[in-house]
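Architecture and fold: a report
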Amino acid sequence: MSTSTQTCVPNITVDQFKGCLLAALLGDCIGALFEGKQEVPMEDLDDLFQDLVNEESTLDQLVPLEYTDDTAMLKSVAESLIRNKCFKATDMANMFVSEYFESPGRGYGQSVVDVFAKLKKVSDPFQPAREQFSGSGSYGNGGAMRIAPAALFAHQNTQHMLDIAAQATKITHTNRLGVHGALLQALAVQKALLADKRKPIDSKTFLTELKKEMKSIEKDLDKDEDESYTNKLDKIRHLLNDSKTSVKDVVRALGHGIAAHESVPTALYVFLRSLQPIPGIECDNPVSRTIQYAIALGGDTDTIATMAGAIAGAYHGLEHIDRVLLGRVEGKEYIEDLAVRLFDAVEKSGCSEPEVER
Ligand SMILES: [Mg+2]
């Protein structure tokens, strides 16, 4: 266990690392109950959350809520970074593969299962993903859903963080949209972690700073490219500016699917919108509200709630994780310990560059 409470960057605490990974876990486990539902009635969801946070409730038949591929892969990203004190592609790929074959029933998509099968037979950890879909690679959100530990690990050096996030994603997803989605998610977690907690987040500034980073990442794209993350960030700003934005408006503008560009910006919007109360959501805990609102959008609920949860948890920290809610999910002790070990690894990290070329 760590004896330290802060990283070299002032005011970053182990409780923020715990908040990030535990909120991601909560989002995954609760979101999994609704995965694939196109519409989730806000009232039913609110009733469920009221029950889940009530110690006296008789929801025992739901306990423990199991985590899915999102958390399974997030664990491997964190464990590999902790063990090596830097990014090692072969080690991380091996961890994904062994985690999958130890517990395959976690809702993995078929294309990533195909990558795992091929990874067992090749020495280049990037080859199977690179060859997928006739060489265009997957643009799913599988890179982004697991990237929070990389953002925490390398939060002190943005370029280093982006390099690690890109490499960790390319083991399974090589399409530009899949990789850049993971980069946006990593930047959002980093920014939430580093935000000044003495004053409320200014969403406009938060988005403007992210847009600057994504513009540089997408510099080779046509500026009118509708699927660019830069354009999605503008859409988030418009949605936040309109007080009448409905669930349907969000889904129409940003999506709620398994594609990275149809879910990562959605999760970011959910985090920013959930900083304020939301009609139909009774809960006043900002992390729980984030997860509840992410699920209310339907679609790929476990992954969107995982990603929104990771950003919210990094910002709000452990003190805003509802302990009763946490008591209902699988893996909470392990994930809390993982956050402590990741925090310690940041303290001890001497590695400044990823070991594998892009
Ligand atoms: Mg999942």
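Attention in this report is confined to the structure presented alongside it. Computed from a predicted structure; not experimentally measured.

Turning our eyes to something else, we now look at the pattern of salt bridges. When the charged atoms of two side chains with opposite charge come close together, those side chains can pair. Counting across every chain of the model gives 15 salt bridges. In this structure, E209 and K191 form a salt bridge, with 2.8 Å as the shortest nitrogen-oxygen distance. One end of the pair, E209, is in helix α10 (residues 203–217); the other, K191, is in helix α9 (residues 176–194), and 18 residues separate them in sequence. Residue classification places E209 among the partly exposed positions, given a relative accessible area of 38%. Salt-bridge contacts for E333 lead to K332; the nearest nitrogen and oxygen are separated by 3.9 Å. E333 gets classed as exposed once you look at its relative accessible area, which sits at 55%. Judged by its relative accessible area of 22%, K332 is partly exposed. Here the salt bridges do not stand alone but share partners, grouping K18, R323 and E336 into one network.

Here we come to unusual backbone geometry. A positive phi angle, near 50 degrees, is found at F133, a position not held by glycine. Of note in this structure, S134 is not a glycine but carries a positive phi near 55 degrees. Looking at the element boundaries, S134 is found in the loop between α6 (127–131) and α7 (148–153). The exposure class assigned to S134 is exposed, which follows from its relative accessible area of 83%.

With that settled, consider the environment of V264. Along the chain, V264 falls in helix α13 (residues 264–273). Remark: the alpha-carbon pair of V264 and A308, spanning 44 residues in sequence, is separated by 8.4 Å.

Definitions and cut-offs
- Residues numbered from 1 in each chain as written.
- Predicted model: local features only at pLDDT ≥ 70, side-chain atom pairs only at ≥ 80, totals over all residues.
- Heavy atoms only, no water.
- Salt bridge = Lys/Arg side-chain N within 4 Å of Asp/Glu carboxyl O.
- Helix = DSSP H or I, 4+ residues; strand = E, 2+ residues; numbered from the N terminus.
- Buried < 20%, exposed > 50% of the residue type's maximum accessible area, 1.4 Å probe, protein only.

By themselves these figures say nothing about function.
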